[in-house]
Amino acid sequence: DVDARTDRVARFWETGQLDPSSNVQFGEGGAGTFSDGKLNTLVKDTFGRNREVLRILTEFGGDPSILYVNKPHIGTDVLSRIVKSIRTEIEKLGGQVLFQSQVTDFVTEGEPGESRRIKALVVNGSQVLEAETVVLAIGHSARDTFETLLARGIPMEPKAFAVGLRVQHSQTLINESQYGMKECGELGPASYKLTWKASDERGVYSFCMCPGGYVVNASSEPGRLAVNGMSYHDRAGENANSAIIVTVTPEDFCGMETGAGTDRGCEAPGDAMAGIRFQRRLEETAFCLGKGNIPIQLYGDFKEGRVSEGFGGVNPAFRGGYAFANLRELFPEPLSRAFMEGMEGFGTMIRGFDRPDAILAGIESRTSSPVRIPRDQGMESPVKGIFPCGEGAGYAGGITSAAMDGIKTAEEIIRRYSPLRPSRTVAKT
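Residues numbered from 1 in each chain as written. Predicted model: local features only at pLDDT ≥ 70, side-chain atom pairs only at ≥ 80, totals over all residues. Heavy atoms only, no water.

Participant: Kindly report on the overall build of the chain, identifying the contributing residues and their values.
Facilitator: In terms of regular secondary structure, the chain is built from 10 helices and 19 strands. Taken over the C-alpha trace, the chain has a radius of gyration of 22 Å; the compact-globule value for 429 residues is 22 Å, and the two agree within 12%. Across the chain, every contact between residues at least 6 apart in sequence was considered, and the portion connecting residues at least 24 apart equals 70%. For the chain, the distance from the average position of its 48 positive side-chain charges to the average position of its 55 negative side-chain charges is 3 Å. (Helix = DSSP H or I, 4+ residues; strand = E, 2+ residues; numbered from the N terminus. Rg over C-alpha atoms; globule rule 2.2 N^0.38 Å. Contact = heavy atoms within 4.5 Å. Lys, Arg positive; Asp, Glu negative; His and termini not counted. Charge placed at Lys NZ, Arg CZ, Asp CG, Glu CD.)

Structural data, given as structure tokens:
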């Protein structure tokens, strides 16, 4: 539950003792609970699902302003309360939430290659839950579940995603660039969204920008380290941070050298786990570089390939321990070059963005799911009764788009099973 999870995350940031089942990625509310709580989306919405997501959030404690501001956000401190309120309402309506529970297997009926359907889930290795409809809203870091799905012959495929580093600047620098003044007043801390195309045609762009926020240790596996950005509702922190990330494709996962060595390659052209292995190698290298702490480096030293010895004009704002390291050892060189080209390009858009004392932290590897679980127009997997949904399944990229995909999935299930199921052909009047 979110209260126990919050305590465990705070303990992890203080002591470095990771709970693999309850951390920044896993637990009630998912990865979004410890984030900026951004609610804007680029998904085109002609059915009102975006508005409905925002309405539900206000019903359970969100500020009504999210219904009309241009870039709504609620912050991790407010979102955690909303998540708990929604769960309490589900329980009041007769729903059941199983905490301390993990799906460890999928039971299907039918022979491989024929028409198969879901029959049951196995929880914690022994509890069998019979089910004819299963919504797979598993999040982008459910690597063990991806492995189980693949082992059970449920179709999956690799997809492109992006990796990079978190970059911290003072919030006053961003305010001055965006507003023309250091103090933001009633405008609120300024944000930005930046894109660049590197000389090798890779896309470089800012991701999950957190005004007045913190860089946090977002690890979920022992011996591996990943970072994310987080803001509280008031966004009152001294720094702005954003991930500056570089696109990688399934072709990159096979044979690309990482700082830790060389990829053992893909098992097949459509190897669904190749992106996950790529993420894990980068995260293992990050863990080693920081000796279990977040590895950090000033941008000027990153360009020169040397370990930083101290901070400049930007003060560090972290949740979790950190240590100086050479982050050039983290990336394959093509990604480092693209990252630097992007930073220099962004310096022409926001004066001082490429300043030598900007603080880098690695690694931002959980930008989106590295796999896609195929589904048809009816939102259903080739294994009938399974409905892949949201970010982990490869169909969303944030809190709002994932929630919209959830609503869309629920609508399809209702359409199929409601006793008042309408005809597919509806006359317009």
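So that's the structure; there's more coming.
Participant: Can you lay out the side chain of Arg375 for me, pointing to particular residues and giving the numbers?
Facilitator: For Arg375, the position within the fold is in the loop between β18 (371-372) and β19 (386-388). From its side chain, Arg375 meets the backbone oxygen of Pro388 in a polar contact 2.8 Å long. Each residue touching Arg375, except ones within four places of it in the same chain, is listed here: Glu380, Ser381, Pro388, Cys389, Tyr395, Asp405 and Thr409. (Polar contact = N/O pair within 3.5 Å; in protein donor to acceptor, adjacent residues only side chain to side chain.)

Participant: Go over the pattern of salt bridges with me, naming the residues and quoting the values.
Facilitator: If you walk through the whole model with that rule in mind, you get 30 salt bridges. In this structure, the salt-bridge partner of Arg8 is Asp19, at a minimum N-O distance of 3.2 Å. Within this pair, whereas Arg8 is found in helix α1 (residues 2-15), its partner Asp19 is found in the loop between α1 and α2 (49-59), the two being separated by 11 residues in sequence. A relative accessible area of 28% means that Arg8 is categorised as partly exposed. Given the relative accessible area of 23%, Asp19 is considered partly exposed. In this structure, the salt-bridge partner of Arg355 is Asp357, at a minimum N-O distance of 2.4 Å. (Salt bridge = Lys/Arg side-chain N within 4 Å of Asp/Glu carboxyl O. Buried < 20%, exposed > 50% of the residue type's maximum accessible area, 1.4 Å probe, protein only.)

Participant: Can you lay out helix α9 (residues 333-347) for me, pointing to particular residues and giving the numbers?
Facilitator: The terminal C-alpha atoms of α9 lie 21 Å apart, and with 15 residues this matches the ideal 21 Å at 1.5 Å per residue to within 8%. Every buried residue of α9 is accounted for by Leu335, Ser336, Ala338, Phe339, Met340, Gly342, Met343, Gly345, Phe346 and Gly347. (Expected span 1.5 Å × (residues − 1).)

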